[in-house]
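Residue strings, one per chain:
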Amino acid sequence: MSHQNLWDSCLQHFKEQLPSQQFNSWIKPLIFEANGHQIILTAPNGFTLKVIQERFLPEIASRAQAFFSAPAQIELRVEKKALQASPKNQIAPAIENPSLIKKSQKNSVRLNPALLFDNFVTGKANQLAHAAAIQVAESPGTTYNPLFIYGGVGLGKTHLIQAIGNQFKQENKHAKICYVHATNYISDVVRAFQTKQFDEFKQYYNSLDLLLIDDIQFIADKPGTQQEFFYTLNSLIDANKQVVITCDTFPKEISGIEPRLTSRFSCGLTVAIEPPGLEMRVAILLQKSNISKNPIGEDVAFFIAKHVRSNIRELEGALNRIEAFARFHKRPITVELAKEALKDLLAAQNKQVSIENIQKTVADFYRIKLLDLLSKKRTRIIARPRQMAMCLARELTQLSLPEIGNAFGGRDHSTVLHACKTIENLKNTDASLNADFNLLNQTLRN
Amino acid sequence: MTQLLLGIAPQWLPTLDNFVVGRNQELHTALRHALSSTGGERGFYVWGEAGSGKSHLLQAAVERARGNGQSAVYACGTVPDAAQVVAVDDVEALDDAAQIALFALYNRLRESGGMLLVSGTAAPTHLHLRDDLRTRLGWGLVYQVHALNDEEKTQALHQHAQARGFELPNEVTHYLLCHGRRDLPYLLGVLDELDAHCLRLKKRAASVPLLKEVMRSE
């Protein structure tokens, strides 16, 4: 029986035991050689070798022992081609097929020169991610590869990943850096498939010195893209070229992505970016306003930061709105102005207010019975709240005046009109009624 | 015998000039400024209740951009291909795939300096969309479109009647505002129907009795 029979039996076994994707990724690419009781398995890259060693070697060894009727000596090697093609940290030569580069670059967003470490505000929420990013930019491909940065939306992941690219570019002028959003990477894969230019596609991505891929969660449920990315990732990491990945969640929690890929994501360093605390939000606002040459005071920054807590994008959106408001009204930015400008934004959901809700709220506010509010009673203590409720219904709903009248015990539209006029007049003369009206209006809107 | 009408009524198109501004002066100015230069804000999200004028503004912005020689496209409930100015109305109608498409479009336009206008019925924080899209919509300039009050609606009705070339007595607008639904699309629709009704009956001016007939026939 030849040595090949041993390997065929191993292949047969793994083919039956493993999902086809795993078999194709790990077992199929192995090159089998045998000499006496020595077996040499050559893996296409270091990562595959590591997986074989950890997961499949015992099975292969036991089959070899049964085959030779003696313990076999198994040697695992990495293909020489892979080692030679990627001397550590050497900047890749120019690419041979410029047409694909052009196409890829068309889809790969250029680095934004404004996103630097210098203008990245750090705090408790992101200091670990920031430190790791600096380390990676200074010595890429050595310590944390891949660097996996995850966190919620609008917390600065893209800023950080682009800052790595900009810093690396500054120190390695001729380096090939690609910042690509995952949706564009998917488009690149699809295009390469359609135009049958997979070789050029692979050549382009494998020749990079630094790959920055943003929002990797988008490749979920796209097996073709995942397979390509898996090969790209392996190839770059084996060549000690740095890969930085961002995602909205922890690798293990991404659904729709093959386990071999998520486990690969965790091989380097995984760091989180948390939502910023109050002080950090204030610092971000102060810095952002300085950049836009429209500096705001700390009191204004505190006001915004206290009210907009969710993420940095909405924080910056609020600042944009205040600046636009101040420009339009030609007024300096103060807390009062900020309150005015953000009035709409800070209001809770713009829900459609129902007339029943208005009636109940007004009745509760004036401590009268809902039935009385809807009755024919005309005493002041009932009539005034009723007029108030009618006026609010006119302001907060799109109902016609007859419909409003009808909802208040079958009254005429002219009664509603009279109620509205009365309340409008009283608002100008009776401060207490005006305050009540504003309070009710705000309560109902919120 | 009623007069048969030829379908040659003047076509009314939403423009920035025929938008009755009301309390939306700041938004109107910011939009005009952004459309007339390349340096202004490139992302707008406008929100407000139905009938407040969001679609008007978005269509008007696209019309203005085209007038300025830019490529511009308006889509409602779908995501169009990229152009220099893209308006996406009713963002909450987008399904999951369309939201991803809008997200990608947002990133492309941001990179290329294009302009994106999006509308919805709630402030960004309260939109039921993908988080990454929702937060991006809140990144640019966000404005609530305030619906017109009755005086402003009266003004809008007169302006609309003038554009269609018919006379609109004050008592007709007053009756309409007191007896009908008060959102602008409905009011303008009634006016169009009233105009057609007057023409059919060969009457020169609109009147309350004619309006009642139109409202009854709804």
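Remember, it's a predicted structure, so these values are computed and weren't measured experimentally.

Quick notes on the rules
Residues numbered from 1 in each chain as written. Chains lettered and ligands numbered in written order. Predicted model: local features only at pLDDT ≥ 70, side-chain atom pairs only at ≥ 80, totals over all residues. Heavy atoms only, no water. Helix = DSSP H or I, 4+ residues; strand = E, 2+ residues; numbered from the N terminus. Buried < 20%, exposed > 50% of the residue type's maximum accessible area, 1.4 Å probe, protein only. Contact = heavy atoms within 4.5 Å. Areas by Shrake-Rupley, 256 points an atom, 1.4 Å probe, with all protein chains shown as cover. Polar contact = N/O pair within 3.5 Å; in protein donor to acceptor, adjacent residues only side chain to side chain. Pairing = 2+ DSSP bridges. Axes fitted to C-alpha atoms, helices over the stretch in contact; angles between N-to-C directions. Core = buried A, V, L, I, M, F, W, Y, C linked by side-chain atoms within 4.5 Å. Phe/Tyr/Trp six-rings, centres within 6.5 Å; stacked < 30°, edge-to-face > 60°. Lys NZ or Arg CZ within 6 Å of the ring centre and 35° of its normal. Expected span 1.5 Å × (residues − 1). pLDDT = per-residue confidence, 0-100. Right-handed = clockwise from strand over helix to strand, strands pointing away. Salt bridge = Lys/Arg side-chain N within 4 Å of Asp/Glu carboxyl O. Parallel < 35°, antiparallel > 145°, perpendicular 65-115°, else oblique. Left-handed = near helix turned anticlockwise from the far one by under 90°. Nonpolar A, V, L, I, M, F, W, Y, C, P; charged D, E, K, R; others polar. Buried area = accessible area lost by both parts, 1.4 Å probe.

### A look at the overall build of chain B
- Helix and strand counts for chain B come out as 8 helices and 5 strands.
- The N-to-C order of helical and strand elements in chain B reads α-β-α-β-β-α-β-α-β-α-α-α-α.
- Within chain B, the fraction of its 218 residues that count as buried is 55%.
- Counting only contacts in chain B whose residues sit at least 6 apart along the sequence, the fraction spanning at least 24 positions is 64%.
- About 10,000 Å² of surface is accessible on chain B, with carbon and sulfur atoms providing 51% of the total.

### Here we look at the overall build of chain A
- Secondary structure summary: chain A contains 22 helices and 8 strands in total.
- Taking all 446 residues of chain A together, the buried fraction comes to 50%.
- Across chain A, every contact between residues at least 6 apart in sequence was considered, and the portion connecting residues at least 24 apart equals 73%.
- As displayed, chain A has an accessible area near 21,800 Å², and 51% of this comes from carbon and sulfur atoms.

### Some details on the side chain of Asp188(A)
All names here are of chain A.
- Mapped onto the elements of the fold, Asp188 is located in helix H8 (residues 182–194).
- Under the relative-accessibility criterion, Asp188 is labelled buried at 3%.
- Polar contacts involving the side chain of Asp188 include one to the side chain of Arg191, which spans 3.2 Å.

### Concerning the sheet that holds strand E4 (residues 147–151) of chain A
Residues and elements named next belong to chain A.
- Across the sheet, which stays open at both edges, the 5 strands sit in the order E5-E6-E7-E4-E8 with parallel pairing between neighbours. A single partner strand is all that each edge strand has here, and the edge strands are strand E5 (177–181) and strand E8 (269–273). With strand direction ignored, the average angle separating the axes of adjacent strands in the sheet is 15 degrees.
- Examined bridge by bridge, E5 and strand E6 (residues 210–214) share 5 bridges and lie parallel to one another.

### Observations regarding the nonpolar core
- With 51 residues, the main nonpolar core has Phe56(A), Tyr205(A), Leu211(A), Ile216(A), Phe229(A), Ile245(A) and Phe265(A) as its most contacted residues.
- With 7 residues, the single largest contributor to this core is helix H3 (residues 46–68) of chain A.
- Those residues in contact with Phe265(A) that lie beyond four places of it in its chain are Pro146(A), Phe148(A), Ile216(A), Phe229(A), Leu233(A), Ile245(A), Pro251(A), Ile254(A), Ile257(A) and Thr270(A).
- Counting 48 residues, the second-largest nonpolar core is a separate cluster that includes Met280(A), Phe303(A), Tyr45(B) and Trp47(B).

### Quick word on the packing of aromatic side chains
- Scanning the model with the defined rule gives 17 aromatic pairs over all chains in all.
- A ring pair is formed by Tyr185(A) and Phe201(A), whose centres lie 5.8 Å apart and whose planes are at 55 degrees; its orientation type is tilted. Remark: Phe201(A) occurs in helix H9 (residues 198–206) and Tyr185(A) occurs in helix H8; sequence separation between them is 16 residues. Exposure class is identical for Tyr185(A) and Phe201(A). Each is buried.
- Taking the centre distance of 6.4 Å and the plane angle of 65 degrees together, the rings of Phe193(A) and Phe198(A) count as edge-to-face.
- Phe198(A) sits in the partly exposed class, given a relative accessible area of 23%.
- Connected via pairs of aromatic rings, a cluster forms that spans Phe148(A), Tyr185(A), Phe193(A), Phe198(A), Phe201(A), Tyr204(A), Tyr205(A), Phe229(A) and Phe265(A).
- The ring of Trp139(B) has Arg110(B) sitting right over it, with the charged end atom 3.9 Å from the ring centre.

### Topic: helix H1 (residues 25–36) of chain B
- When the terminal C-alpha atoms of H1(B) are compared, their 16 Å separation across 12 residues agrees well with the 16 Å that a helix rising 1.5 Å per residue should span.
- Considered for burial, the residues of H1(B) that qualify are Glu26(B), Leu27(B), His28(B), Ala30(B), Leu31(B), Ala34(B) and Leu35(B).
- The secondary structure elements touched by the buried residues of H1(B) are helix H14 (312–329) of chain A together with strand E1 (43–47), helix H2 (54–67), strand E3 (85–89), strand E4 (115–120) and strand E5 (141–144) of chain B.

### Concerning the confidence of the model for chain B
- Summary statistics for chain B give a mean pLDDT of 86 and a share of 92% for residues scoring 70 or more.
- Both scores are given for the predicted complex: the pTM is 0.65, the ipTM 0.77.

### Focus on the pairing of E3(B)
Residues and elements named next belong to chain B.
- Among the 5 residues that make up E3, 5 are buried, leaving the element largely enclosed by the rest of the structure.
- Both faces of E3 are covered, namely the face carrying Val85, Ala87 and Asp89 and the face carrying Val86 and Val88.
- In this sheet, E3 lies alongside strand E2 (residues 72–76) in parallel orientation, the contact comprising 5 bridges. The partner of Cys76 across the bridge, within E3, is Asp89.
- Here E3 pairs with E4 via 4 bridges, running parallel. Its bridge partner being in E4, Val86 is matched across the sheet by Leu116.
- Handedness of the E3-helix H3 (residues 96–112)-E4 crossover: right-handed.

### Notes on the sheet that holds strand E3 (residues 73–78) of chain A
Residues and elements named next belong to chain A.
- Strand order across the open sheet formed by 3 strands is E1-E2-E3, with mixed pairing between neighbours. The open sheet has two edge strands with one neighbour each: strand E1 (31–35) and E3. Going from strand to strand, the sheet's axes swing by 20 degrees on average, the running direction of each strand aside.
- Pairing analysis gives 6 bridges linking strand E2 (residues 38–43) to E3, with the strands arranged parallel.

### Digging into the pattern of salt bridges
- This structure, assessed with the given rule, holds 21 salt bridges over all chains.
- In this structure, Asp372(A) and Lys377(A) form a salt bridge, with 2.9 Å as the shortest nitrogen-oxygen distance.
- Accessibility expressed as a relative area gives 17% for Asp372(A), which makes it buried.
- The class of Lys377(A) is partly exposed, set by a relative accessible area of 43%.
- With a closest N to O distance of 3.1 Å, Arg134(B) and Asp131(B) form a salt bridge. Pair noted here: Arg134(B) and Asp131(B) are both in helix H4 (residues 131–137), with a separation of 3 residues, about one helical turn.
- Under the relative-accessibility criterion, Asp131(B) is labelled partly exposed at 42%.
- By sharing partners, the salt bridges in this structure join Glu314(A), Asp131(B) and Arg134(B) into a single network.

### Comments concerning the packing of helix H12 (residues 278–291) of chain A against helix H13 (residues 298–307) of chain A
Residue and element names in this part refer to chain A.
- Packing of H12 against H13 leaves a shortest axis separation of 9 Å and a crossing angle of 125 degrees. When the axes of H12 and H13 are compared, the pair comes out oblique. Our pair here, H12 against H13, has a crossing hand that is right-handed. Taking contact as the criterion, the partners of Leu278, Arg281, Val282, Leu285 and Leu286 in H12 are, on H13, Glu298, Ala301, Phe302, Ile304, Ala305 and Lys306.
- Its residues placed into classes, the contact of H12 with H13 shows 8 nonpolar, no polar and 3 charged.

### Observations regarding the interface of chain A and chain B
- Taken together, the 36 residues of chain A in the interface contact 42 residues of chain B.
- Approximately 3,300 Å² of surface area, both sides summed, lies buried where chain A meets chain B, with 50% of it carried by carbon and sulfur atoms.
- For Arg394(A), the salt bridge goes to Asp150(B), with nearest N and O atoms at 2.3 Å.
- Grouping the amino acids of the side of chain A that touches chain B by side-chain chemistry returns 14 nonpolar, 14 polar and 8 charged.

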